[in-house]
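# Analysis of the macromolecular model
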Amino acid sequence: MCNKPFDLLVIGGGITGAGIALDAAARGMSTALIEMQDFASGTSGRSTKLIHGGLRYLKQFEFRLVAEIGKEREIVHRIAPHLTKPEHMLLPLYEGGSLGRFTGRLGMNIYEWLAGVEKAEWHRMLSVSETRGLEPLLPSQGLLGGILFYEYRTDDARLTLDVMKEAISRGAQGLNYIKATSFLSKENKLCGVIACDQLTGRTGEIHATCIVNATGPWVDSLHALDEPGLAQKLHITKGVHLVVDGKRFPVNQSLYIDTFDKRMIFVIPREGKTYIGTTDTFYEGDLAHPRVEDADAIYLLKCINTFFPKLNLTNSDVESAWAGLRPLIRKPGKGPSEVSRKDEMFESSSGLITIAGGKLTGYRKMAERVLERVEAKLKLQRGARYKPCFTEGIPLAGGKFRDQEEFKNFGSLLFRDYPHLGLRKEEMETLISRYGSNTPALLHLMDTLNKQEEHMLPLLLRAQLRYCVEQEMCCRLSDFLIRRTSLAYFQAVETEEWKKSLIEYMAGLMNWTEGQKQQLSAELEEALQGLTIRR
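Computed from a predicted structure; not experimentally measured. (Residues numbered from 1 in each chain as written. Predicted model: local features only at pLDDT ≥ 70, side-chain atom pairs only at ≥ 80, totals over all residues. Heavy atoms only, no water.)

### As for the overall build of the protein chain
- When helices and strands are tallied, the protein chain shows 16 helices and 20 strands.
- Relative to the compact-globule value of 24 Å for 535 residues, the protein chain shows a C-alpha radius of gyration of 23 Å, a close match.
- Referenced to the eigenvectors of the C-alpha coordinate spread, the extents of the protein chain come out at roughly 70 × 60 × 50 Å.
- When each of the 535 residues of the protein chain is scored for burial, the buried share is 60%.
- Across the protein chain, every contact between residues at least 6 apart in sequence was considered, and the portion connecting residues at least 24 apart equals 71%. (Helix = DSSP H or I, 4+ residues; strand = E, 2+ residues; numbered from the N terminus. Rg over C-alpha atoms; globule rule 2.2 N^0.38 Å. Buried < 20%, exposed > 50% of the residue type's maximum accessible area, 1.4 Å probe, protein only. Contact = heavy atoms within 4.5 Å.)

### Focus: the nonpolar core
- Among the nonpolar cores identified, the biggest contains 71 residues, and L443, L477 and F480 are the most heavily contacted of them.
- A per-element tally of this core places helix α12 (residues 459-471) first, with eight residues.
- The contact partners of L443, leaving out residues within four places of it in the chain, are L414, Y418, L421, L423, M428 and L431.
- In this structure, L22, A167, L360 and V370 belong to the second largest nonpolar core, which totals 41 residues. (Core = buried A, V, L, I, M, F, W, Y, C linked by side-chain atoms within 4.5 Å.)

### Focus on the packing of α12 against helix α13 (residues 477-484)
- Packing of α12 against α13 leaves a shortest axis separation of 10 Å and a crossing angle of 105°. With respect to their mutual orientation, α12 and α13 come out roughly perpendicular. Contact residues: L461, Q464, L465 and C468 in α12; L477, F480 and R484 in α13.
- Considered class by class, the residues forming the contact of α12 with α13 number five nonpolar, one polar and one charged. (Axes fitted to C-alpha atoms, helices over the stretch in contact; angles between N-to-C directions. Parallel < 35°, antiparallel > 145°, perpendicular 65-115°, else oblique. Nonpolar A, V, L, I, M, F, W, Y, C, P; charged D, E, K, R; others polar.)

### What about the pairing of strand β10 (residues 203-213)?
- Summarising the sheet, strand β1 (residues 6-11) and β10 pair through five bridges and their orientation is parallel. Its bridge partner lying in β10, L9 is registered against I211.
- In this sheet, β10 lies alongside strand β9 (residues 189-197) in antiparallel orientation, the contact comprising five bridges. Each bridged residue has a counterpart across the sheet, and for V193 the counterpart in β10 is I206.
- Between the end of β9 and the start of β10, which pair antiparallel, lie five residues, with G201 showing a positive phi angle near 85°.
- Summarising the sheet, β10 and strand β19 (residues 353-356) pair through two bridges and their orientation is parallel. The partner of V212 across the bridge, within β19, is I353. (Pairing = 2+ DSSP bridges.)

### A word on the side chain of R462
- Inspection of the secondary structure assignment puts R462 in helix α12.
- Separated by 3.1 Å, the side chain of R462 and the backbone oxygen of L457 make a polar contact.
- Contact partners of R462, with chain neighbours within four places excluded, come to L449, E453, H455, L457 and Y505. (Polar contact = N/O pair within 3.5 Å; in protein donor to acceptor, adjacent residues only side chain to side chain.)

### A few points about the layout of surface pockets
- A volume near 890 Å³ is recorded for the second largest pocket.
- The wall of the second largest pocket is formed by 50 residues, among which T43, S44, G216, P217 and P327 lie closest to the centre.
- Where the lining of the second largest pocket is concerned, the elements lending two or more residues are α1 (15-27), β2 (31-35), β8 (178-186), α6 (219-226), β11 (234-245), β17 (318-329) and β19.
- If you tally residues by element for the lining of the second largest pocket, the top one is β17, at five residues. (1 Å grid on protein atoms, 1.4 Å probe; cavity = no way out; pocket = protein on both sides within 12 Å on 5 of 7 lines; lining within 4 Å. Points joined across faces, edges and corners; volume = space filled by probe spheres on them.)

### A closer look at unusual backbone geometry
- G277 connects to T278 through a cis peptide bond whose omega is 20°.
- In this structure, Y177 takes a positive phi of about 60° despite not being glycine.
- For Y177, the position within the fold is in the loop between β7 (173-176) and β8.
- According to the relative accessible area criterion, Y177 is buried, its value standing at 4%.
- Residue K262 is not a glycine yet carries a positive backbone phi of 70°.
- Of note, K262 is situated in the loop between β12 (254-258) and β13 (264-270).

### Some points on a nonpolar patch on the surface
- On the surface, F61, F63, F102, L106 and I110 cluster together into a nonpolar patch covering about 540 Å² of accessible area.
- It is helix α3 (residues 101-115) that contributes the most residues to the nonpolar patch, three residues altogether.
- Its place among the elements puts F102 in helix α3. (Patch = residues over 30% accessible without salt bridge, like charges linked within 9 Å, V, L, I, M, F, W, Y side chains within 5 Å. Areas by Shrake-Rupley, 256 points an atom, 1.4 Å probe, with all protein chains shown as cover. Salt bridge = Lys/Arg side-chain N within 4 Å of Asp/Glu carboxyl O.)

### Things to note about the pairing of strand β14 (residues 273-277)
- With respect to burial, β14 is a largely interior element, five of its five residues being buried.
- The side-chain alternation of β14 yields two buried faces, one formed by K273, Y275 and G277 and the other by T274 and I276.
- With five bridges joining them, β11 and β14 adopt antiparallel strand pairing. Bridged to V244 within β14 is T274.
- Looking at chain direction, β13 and β14 are connected through five bridges and run antiparallel. What sits directly across from P269, in β14, is T274.
- Taking the residues between adjacent antiparallel strands as the criterion, β13 and β14 are bridged by two residues, where E271 takes a positive phi near 50°.

### So, the packing of aromatic side chains
- Summed over the entire model, instances satisfying the criterion amount to 13 aromatic pairs.
- When the ring of F249 is compared with that of F308, the centres are 5.4 Å apart and the planes differ by 70°; the resulting orientation is edge-to-face. One end of the pair, F249, is in the loop between β11 and β12; the other, F308, is in the loop between α7 (294-307) and β17, with 59 residues separating them in the sequence. Taken individually, F249 and F308 each receive the classification buried, so the pair is uniform in this respect.
- Ring centres 5.1 Å apart and planes at 70° place the aromatic pair F401 and F407 in the edge-to-face group.
- What makes F407 buried here is its relative accessible area of 19%.
- Grouping aromatic residues by their ring pairs yields a cluster made of Y94, F249, F307 and F308.
- K49 extends its terminal NZ or CZ atom over the ring of W322, reaching a point 4.9 Å from the ring centre. (Phe/Tyr/Trp six-rings, centres within 6.5 Å; stacked < 30°, edge-to-face > 60°. Lys NZ or Arg CZ within 6 Å of the ring centre and 35° of its normal.)

### Comments concerning the pattern of salt bridges
- Inspection of every chain in the model, using the stated rule, returns 41 salt bridges.
- The salt bridge involving E319 is made with K273; its shortest N-O contact spans 2.9 Å. Taken as a pair, E319 in strand β17 and K273 in strand β14 lie far apart in primary sequence, 46 residues in all.
- Judged by its relative accessible area of 12%, K273 falls in the buried class.
- A single network of salt bridges, built from pairs that share partners, joins D38, R158, K165, E472, D479, R483 and R484.

Dropping the structure here:
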C-alpha cells in the first residue's frame, strides 16, 4: 500500500467500508482499505445478526428507509444465499401490547407493500390456538393471536468478510490491524494518511486522491484528526445480547415480543442456543471494548421473565454475551430508540468524506451513494470516468451459486464427494452457512490434514483455523473464535476447553515466538472476558 497512490482510501473495515471498497474496485478505481482492529470487530460483528426488512422503522414513519431496506434484503439474499437464511418469526399479540390484530395486520400490509416482499413470504395472521401451537411456551393469559412473518438470519461478521474478500478478488487492497494515526495534506487538501501496523509497530504513508471515513463509532475521533474542535456528529447507543442454552429457554422459532417498558426485543434460536436482545441506551465508554454490564443483563432478563413468568432466567444461565455500538446521527432531544437509523454523508473543507449511521442491510446503497460523491470528485480533478454501480449483480465471495436450486443441493453434492470425512449433516450445514461456495476448499484441506498430521484438536476445528489464517487474514485466535466462526458466542463451554490447544496450533501456523504466544494468549483471555457480564 505504501508503494503506490490510490484513487480511493477507505478507513474502516466494517460492512460499510467493505461495501465501499467492493463497489469502488468493481467500478475500476484503484482502492485500498485499512482497519485498525480486525474486520467487523466493531458494530458490524455485534448486531442482532438479522438482515432486517425494516419493519420496526414503520413506528418512526421512515417509509423511504423501510422501502430501501426491504428491497436491499432481497438483493443480499440473492448474492449471499449462504449467509441470509429466511426464517419464520412470530410476533405474539396480547391485550395491552404495542399492537392489536387490526393495527398488526395494517402495519404488516404497509410494510410488505413498501418493502416489495414476495407473495410467498407474506405474513399470516394466527388465531390463539395456532399461536400457542407454534410456540407452547407463550403464556395464554391475554393472548389475542399472533403474526407469523419472515426475517432473514445472518452472520454479520462473515457477511462483512465475504464483501471484503470479494473486493480484494476484484483488485482492492485491504488490511486489518492497520491504524490511520494522522492525515497527510497538500495545498490544504488531504492526500493520504500515516498508518501504523498494530501488530508490529511499523509505520508508513498511504497516498490516495480521495479518502473516506467509514469508521462507524470512531467517525468523530477520526474526523477530529482532520478538523479538530468541530461538534460531534454522532450519538453512540449500545445494544446488548445474552446467550443461554436452548434447553433452558426452548423456543421453536424466532420471537419478537413486547417488553414491560413498551419496547420490543428479539428471542432467536441458533445452534442449540437462544439469544436475547437488544437494549438501546446512550453510551460514552470505551468504543473498542464495550461491555455487557450487570444492569444490561438485569434489564433483559427482567424483560424475558416478565413475558415468560415460568422461566426464571438468572445471570447464571447466561453462557456468553456481547455488546455492540450504533453510530447514529446526532439529533438533540431524542431518546436512543427515537434517533433515526438513516445514514448521512459529510465532506470537510479538506476533502474528507465521512459516512455515518445506516444499517447492516443497507450497506450496498450506502456504498453506492458514497461512490457517486467520490466519482464526481475524481471526474472534476482529472476527468476520470468509471462504470456505474452494479454490485446488485455481484455474488459475494462465498455466494458463487447459479441459483437457489444449486445452493439447496450443494450439501448433497459435498457429501457425495467427501463421504470419508464422516461429517454429520448439521456439521456440513454449518460449514456451508459459514463458507458457502468456498466450502469445498475447506473440505479439501480437511482431507489433506487428515492424511498428513495427527493432533488432539478435532480435524474440523483445525481445518477451519488453518483456512481462516491462510485465506481470511485471521491474525489472532480471537479473530477466529469470535468473528470467523462465532464459536465464542454459541459454543462458549467448548471454546474454554479448546483454547489452549488452539493457541498452540495457531502458534505453529504463524511461527510465533514464546513471547508472542504469551502476549496473544493474554489478548484472547481479555477478548473472551469481554463476552461475559461485567458485575
